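Spelled out, the chains give:
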Amino acid sequence: MNSCKVWGVVMEATEIHAALAAAVEEVLETMCFLSVNASGEGAGPADLEAIPEAADEEDARMLTSELRFEGRMPGTFRLSLPMDLAQVAGAAFLALDEPAATDAQAGEVVCELANMICGAALGRLEHGTIFRLSHPELIPDLQDLNPSPSGSVRWFDTGEGFLTVALALQPEYAV
Amino acid sequence: MELHVLIVDDSPAMRNFIRRVLDLSGLEVGLCLEASNGEEALRVLEDHWVDAVLTDINMPEMDGEELLRQMSAHPVLRSIPVLVVSTDRTEARIQKMLTLGARGYVTKPFAPETLRDELVQSLGGGDGSN
């Protein structure tokens, strides 16, 4: 995806990528004390093969949370990360004494992180209009992270593992 | 004086996070009640008096906007300060919630001291710490 149309205004993919990067950085550093490095971006399933975690550890247990958003540009958002990273992030978020959260705790935290990252990204893209997020849900056994061929995907190195976010606008908004 | 609060959020992880922030805030927190949506919050408020409500906006069953609307229309509950804690940082949303009666607004993600300061402000500006 190179651009999308919002009320007749064309938004460049780079603007979406930048908003996703800023949102991921802000949320992970504030809530989980994890610093992130943006490692890559792309669109479509072919680009996802470049994600190190997906390429190197096909058998790694992945945790993916999805939510939908409504507003002047409705769409879908997904956050995906390996269970090991989710457990570390979960322990930091919940201030646990243990170094890793349980699977259930990690799932709850990943859903909340998805909610916050999506909200923080949309806050940068929506330019003042009200949006609404659905309740985030975990998706088991997800085959393709990108909800749509027109979606934007970014992945990040946290030092503890790779994390991927995908944001796809409804087709009528993709140009 | 102990501060009794009600945390309203559909995310157990976020309720847990806010509870921890309050525990470490230096405020003397007494009852720390929880609800996962506006409807549940109103039921809790039927049985318990609290000094402040901290609420998310996007929740199933009844969202934070409707909770605020119902509290503002209630002869007793309208006096309870409400602090909104939401991912939505758009100016239109913030203004809408403040117009409906919210005393403060914190956007997620937030630093612990931001939540504490906004809560103290919502309570009338007094420090309230030990």
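Once a new chain begins, its residue numbering starts again from 1 and follows that chain's sequence as written. Lettering of chains starts at A and numbering of ligands starts at 1, both following the order in which they are written. Whole-chain, interface and lining totals are the exception, using all residues; otherwise, since this is a predicted model, local features are given only for residues with pLDDT of at least 70 and side-chain atom pairs are given and counted only at 80 or more. Side-chain numbers here rest on the full set of heavy atoms in the structure, without hydrogens or water.

**Focus on the pattern of salt bridges**
Working step 1: Think of a salt bridge as a Lys or Arg side-chain nitrogen and an Asp or Glu carboxyl oxygen that are within 4 Å of each other. Scanning all chains against the criterion turns up 17 salt bridges over all chains.
Working step 2: Put simply, E26(A) and R89(B) hold a salt bridge, and the shortest N to O gap is 3.4 Å. One end of the pair, E26(A), is in helix α1 (residues 13-32); the other, R89(B), is in the loop between β4 (82-86) and α4 (91-100), on a second chain.
Working step 3: Since its relative accessible area comes to 23%, E26(A) is described here as partly exposed.
Working step 4: Notably, a salt bridge pairs E65(B) with R69(B), separated by 3.3 Å at the nearest N-O pair. Here E65(B) and its partner R69(B) are both found in helix α3 (residues 64-73), 4 residues apart, which amounts to about one turn of the helix.
Working step 5: Remark: exposure states derive from per-residue accessible area (1.4 Å probe, protein chains only) relative to the maximum for the residue type, with buried under 20%, exposed over 50%, and partly exposed in between. A residue is classified by how much of its surface remains accessible, and E65(B), at 10% relative accessible area, is buried.
Working step 6: Through salt bridges with shared partners, a single network forms among E65(B), E66(B), R69(B), D88(B), R93(B) and K96(B). Here a strand is any run of E in DSSP of at least two residues, a helix any run of H or I of at least four, and the numbering for each starts at the N terminus.

**Some details on the sheet that holds strand β2 (residues 29-35) of chain B**
Whether parallel or antiparallel, the strands of a sheet pair through hydrogen bonds between backbone atoms.
Residues and elements named next belong to chain B.
Working step 1: In this description, strands pair whenever DSSP reports at least two bridges between them. The sheet built from 5 strands is open, its strands ordered β2-β1-β3-β4-β5 with parallel pairing. The sheet is open, and its two borders are formed by β2 and β5 (104-107), each paired with just one other strand. Recorded for the sheet is a direction-independent mean angle of 20° between the axes of neighbouring strands.
Working step 2: Sheet analysis places β4 next to β5, joined by 4 bridges and oriented parallel. Residue pairing across strands places S86 opposite T107, the latter belonging to β5. Note on definitions: angles span 0 to 180 degrees between N-to-C directions of axes, and those axes are lines fitted to C-alpha atoms, for helices only across the stretch in contact.

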